[in-house]
Protein chains: 2
Amino acid sequence: MKLYSAPNPAPNPRRVLICLAEKGVEIQITDLSLMKGQHKEPDFVAKNSRAQVPVLELDDGRTISESIAICRYLDELYPNPPLFGRDAFERAEIDMWVRRVEFNLMTPVGNFWVHAHPYTARLGTQHKDFGEGNRDRWESAARWFDGELSCREFICGTEFTIADIAALTTVDFATWIGLKIPKSCTHLLLWQTRVSNRPSVKSLNTMVI
Amino acid sequence: MKLYSAPNPAPNPRRVLICLAEKGVEIQITDLSLMKGQHKEPDFVAKNSRAQVPVLELDDGRTISESIAICRYLDELYPNPPLFGRDAFERAEIDMWVRRVEFNLMTPVGNFWVHAHPYTARLGTQHKDFGEGNRDRWESAARWFDGELSCREFICGTEFTIADIAALTTVDFATWIGLKIPKSCTHLLLWQTRVSNRPSVKSLNTMVI
């Protein structure tokens with residue numbers, strides 16, 4: 001089994017690396033240079049026709065892309081600690097929270113990154129007004145998550161799950177591109193410190209983000 | 001068990017209704033009037049603090065929101081026919097396809113709906129140029145799915161899965177708001193006809209969409 005990732009990874013590869021570290025599993029990792037366009041070379045596109053990392057390649061050649069789908073597979077292979085729930089309700093509830101992170105928290109971050117950040121200006125047409133408008137959506141989502149975290153330790157209850165990994169990689173990337181968590185969001189900030197101090201997260205200390 | 005939905009539903013409630021029909025399961029359904037703002041009333045917000053349908057309420061009062069999370073729960077309760085896969089690899093692969101549908105196909109549709117459609121103009125600030133730019137993203141995604149469907153019957157292989165439900169509700173909604181599948185996308189159009197003719201989909205004949 002082999003993981004195609006990228007150095008100093010963006011949120012998606014980082015999710016898989018934290019998942020592997022939580023489970024104490026080491027697998028072969030091949031870092032592609034996105035700057036050199038290695039993810040667009042035919043050999044790699046044959047593994048993921050979206051031309052994106054991360055990709056997990058099994059020993060029989062089958063591949064899985066999409067960070068959460070890869071983590072879901074790893075969770076079944078290495079069930080301890082469980083990151084996707086222990087029964088039908090937990091699995092559904094955690095899935096719900098992952099989707100809330102993606103659609104409410106990650107979407108404005110992605111929109112801001114693509115449409116308002118100087119780094120991406122050279123990559124395509126930016127709609128600056130739209131991009132800047134996502135600051136409000138980001139802050140609104142941060143406040144909503146802050147409220148949810150006022151009564152529990154982790155995104156989905158009393159245990160660390162894949163929803164925390166999805167959310168942490170999102171807020172860290174947001175911070176890195178200039179979208180800070182509002183200071184009034186004390187529960188969300190405490191949660192960020194709490195999960196950032198986990199050995200799995202701290203072990204990935206080579207990352208810029 | 002009780003489902004909170006909406007009449008003539010948008011893509012998300014419709015996914016759950018098709019899932020239930022595929023499994024031949026009937027449960028109590030309460031339709032909320034979104035026009036009257038029933039989804040914003042305190043009783044309902046207590047069930048889903050995002051104030052959105054669909055919501056599944058269990059007999060013990062616990063709730064699940066997010067369409068795919070609800071379907072994932074129903075799939076475990078009523079495993080035939082399986083819509084989320086039979087083993088770890090299938091489950092990951094189907095999850096990957098659901099995410100590809102959401103992020104590549106649904107995202108431009110949602111952006112166009114919110115920022116370029118006349119119906120939503122009165123609901124908030126529209127960024128028209130950005131919204132209109134999503135026509136190209138939609139067509140590009142449609143062409144990519146068309147290519148993927150050139151060599152198989154369903155979104156994720158030889159069997160109908162939740163990825164087909166996610167994709168069908170997306171392309172039908174897209175069509176309804178004025179984003180048509182390009183005529184050159186013959187594989188995608190054939191797939192749309194094929195899945196639209198399934199008894200589960202045809203049984204929901206009261207819908208506008």
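Structural data are supplied above this passage.
Residues numbered from 1 in each chain as written. Chains lettered and ligands numbered in written order. Predicted model: local features only at pLDDT ≥ 70, side-chain atom pairs only at ≥ 80, totals over all residues. Heavy atoms only, no water.

S.K.: Summarise the overall build of chain A; cite the residues concerned and give the values.
M.R.: When helices and strands are counted, chain A shows eight helices and four strands. The order of helices and strands in chain A, counted from the N terminus, is β-α-β-α-β-β-α-α-α-α-α-α. Taken against the 2.2 N^0.38 rule, which gives 17 Å for 209 residues, the C-alpha radius of gyration of chain A at 17 Å falls within 12% of a compact globule. Viewed in the frame of its principal axes, chain A has a C-alpha envelope of about 50 × 45 × 30 Å. (Helix = DSSP H or I, 4+ residues; strand = E, 2+ residues; numbered from the N terminus. Rg over C-alpha atoms; globule rule 2.2 N^0.38 Å.)

S.K.: Quick rundown of the sheet that holds strand S4 (residues 63-65) of chain B? Include the residues and the values.
M.R.: Two pairing modes exist for strands in a sheet, parallel and antiparallel, and in both the strands are linked by backbone hydrogen bonds. Residues and elements named next belong to chain B. A sheet is described by the order of its strands in space; here four strands give the open sequence S2-S1-S3-S4, paired in mixed fashion. Two strands lie at the open edges of the sheet, namely strand S2 (28-31) and S4, each paired on one side alone. Neighbour-to-neighbour, the strand axes of the sheet open up by a mean angle of 20 degrees, direction not taken into account. Pairing analysis gives four bridges linking strand S1 (residues 2-5) to S2, with the strands arranged parallel. Bridge pairing links serine 5 to aspartate 31 in S2. Contacts from helix H1 (residues 11-23) reach S1 and S2, with the element oriented near 145 degrees to S1. (Pairing = 2+ DSSP bridges. Axes fitted to C-alpha atoms, helices over the stretch in contact; angles between N-to-C directions. Contact = heavy atoms within 4.5 Å.)

S.K.: A description of the packing of H1(B) against helix H6 (residues 162-176) of chain B should follow, citing residues and the corresponding values.
M.R.: All names here are of chain B. Across the interface, H1 lies against H6 with an axial gap of 9 Å and an inter-helix angle of 135 degrees. In this view, H1 runs oblique relative to H6, as classed from their interaxial angle. The crossing of H1 and H6 is right-handed. Touching Pro11, Arg14, Arg15, Ile18 and Cys19 of H1 are Ile165, Ala166, Leu168, Thr169, Thr170, Asp172 and Phe173, all from H6. (Parallel < 35°, antiparallel > 145°, perpendicular 65-115°, else oblique. Left-handed = near helix turned anticlockwise from the far one by under 90°.)

S.K.: Describe the packing of aromatic side chains, with residues and values.
M.R.: Scanning the model with the defined rule gives 22 aromatic pairs over all chains in all. Judged by centre distance (5.5 Å) and plane angle (15 degrees), the rings of B:Trp113 and B:Tyr119 are stacked. Judged by centre distance (5.9 Å) and plane angle (40 degrees), the rings of B:Phe173 and B:Trp176 are tilted. Taken together, the positions of B:Phe173 and B:Trp176, both in helix H6 and three residues apart, correspond to about one turn of that helix. Given the relative accessible area of 46%, B:Trp176 is considered partly exposed. Here the aromatic cluster, defined as three or more aromatic residues joined through ring pairs, consists of A:Trp113, A:Tyr119, A:Phe173 and A:Trp176. The ring of A:Trp97 carries the charged tip of A:Arg100 above its face, separated from the ring centre by 4.6 Å. (Phe/Tyr/Trp six-rings, centres within 6.5 Å; stacked < 30°, edge-to-face > 60°. Buried < 20%, exposed > 50% of the residue type's maximum accessible area, 1.4 Å probe, protein only. Lys NZ or Arg CZ within 6 Å of the ring centre and 35° of its normal.)

S.K.: Hey, could you go over the pairing of S1(B) for me, with residue numbers and the actual values?
M.R.: Where S1(B) lies against strand S3 (residues 55-57) of chain B, three bridges are found, and the strand directions are antiparallel. Note that in S3(B) the partner of B:Leu3 across the bridge is B:Leu56.

S.K.: So, a nonpolar patch on the surface: which residues are in play, and what are the values?
M.R.: Among the surface-exposed residues, A:Met35, A:Tyr119 and A:Leu123 lie close enough to one another that they form a single nonpolar patch of about 380 Å² accessible area. Counting through the fold element by element, A:Tyr119 comes out in the loop between helix H4 (88-116) and helix H5 (128-148). (Patch = residues over 30% accessible without salt bridge, like charges linked within 9 Å, V, L, I, M, F, W, Y side chains within 5 Å. Areas by Shrake-Rupley, 256 points an atom, 1.4 Å probe, with all protein chains shown as cover. Salt bridge = Lys/Arg side-chain N within 4 Å of Asp/Glu carboxyl O.)

S.K.: Describe the relation of the copies chain A and chain B, listing the residues and the values that go with them.
M.R.: Mapping chain A onto chain B calls for a rotation angle of 180 degrees and an axial translation of 0.0 Å; the resulting RMSD is 0.0 Å. Interpreted geometrically, this transformation is the action of a two-fold axis. When C-alpha distances to the rotation axis are compared across chain A, the minimum falls at A:Phe130, with a value of 3.5 Å. Of the interface residues in chain A, 100% have counterparts in chain B that sit at the interface too, so the contact is made through matching surfaces. (Least-squares fit on C-alpha atoms with pLDDT ≥ 70 in both.)

S.K.: How would you sum up helix H5 (residues 128-148) of chain B? Please name residues and give values.
M.R.: Note on helix geometry: an α-helix contains 3.6 residues per turn, so any two residues three or four positions apart are oriented the same way. In a regular helix each residue adds 1.5 Å, so 21 residues correspond to 30 Å; H5(B) covers 31 Å between its end C-alpha atoms and thus fits that length. Against H4 and H5 of chain A together with helix H4 (88-116), H6 and helix H7 (186-196) of chain B lie the buried residues of H5(B). (Expected span 1.5 Å × (residues − 1).)

S.K.: Please give an account of the nonpolar core that cites residues and values.
M.R.: With 122 residues, the main nonpolar core has A:Leu56, A:Ile162, A:Trp191, B:Leu56, B:Ile162 and B:Trp191 as its most contacted residues. Contact partners of B:Leu56, with chain neighbours within four places excluded, come to B:Met1, B:Lys2, B:Leu3, B:Ile27, B:Arg62, B:Thr63, B:Ile64, B:Ile70, B:Tyr73 and B:Leu74. (Core = buried A, V, L, I, M, F, W, Y, C linked by side-chain atoms within 4.5 Å.)

S.K.: Provide a residue-level description of the interface of chain A and chain B, including the pertinent values.
M.R.: Facing 34 residues of chain A, the contacting portion of chain B comprises 34 residues. Interface area lost by chain A to chain B is led by A:Arg50, A:Phe89 and A:Arg99, which between them contribute 20%. Where chain A packs against chain B, one counts eight salt bridges. Seen at the junction of chain A and chain B, the total is 18 residue pairs in polar contact (both at pLDDT 80 or more). Looking at the side of chain A that touches chain B, the elements with two or more residues in it are strand S4 (63-65), helix H3 (67-77), H4 and H5 of chain A. Top element by residues in the side of chain A that touches chain B is H4(A). It accounts for 13 residues. Its residues assigned to classes, the side of chain A that touches chain B shows 13 nonpolar, eight polar and 13 charged. (Buried area = accessible area lost by both parts, 1.4 Å probe. Polar contact = N/O pair within 3.5 Å; in protein donor to acceptor, adjacent residues only side chain to side chain. Nonpolar A, V, L, I, M, F, W, Y, C, P; charged D, E, K, R; others polar.)

S.K.: Kindly report on the pattern of salt bridges, identifying the contributing residues and their values.
M.R.: All names here are of chain A. Counted according to the given criterion, the structure contains 30 salt bridges over all chains. In this structure, the salt-bridge partner of aspartate 60 is arginine 62, at a minimum N-O distance of 3.0 Å. With a relative accessible area of 38%, arginine 62 lands in the partly exposed category.

S.K.: Describe unusual backbone geometry, and please don't skip the residues or the numbers.
M.R.: Looking along the chain, the bond that leaves A:Val53 and enters A:Pro54 is cis, with omega of 0 degrees. Looking at where A:Pro54 falls in the secondary structure, it is placed in the loop between helix H2 (42-45) and strand S3 (55-57). Residue B:Pro81 is bonded to the preceding B:Asn80 through a cis peptide linkage, with omega at -10 degrees. Its location among the elements puts B:Pro81 in the loop between helix H3 (67-77) and H4. Here B:Glu66, not a glycine, exhibits a phi torsion of approximately 80 degrees, which is positive. With respect to the secondary-structure elements, B:Glu66 resides in the loop between S4 and H3.

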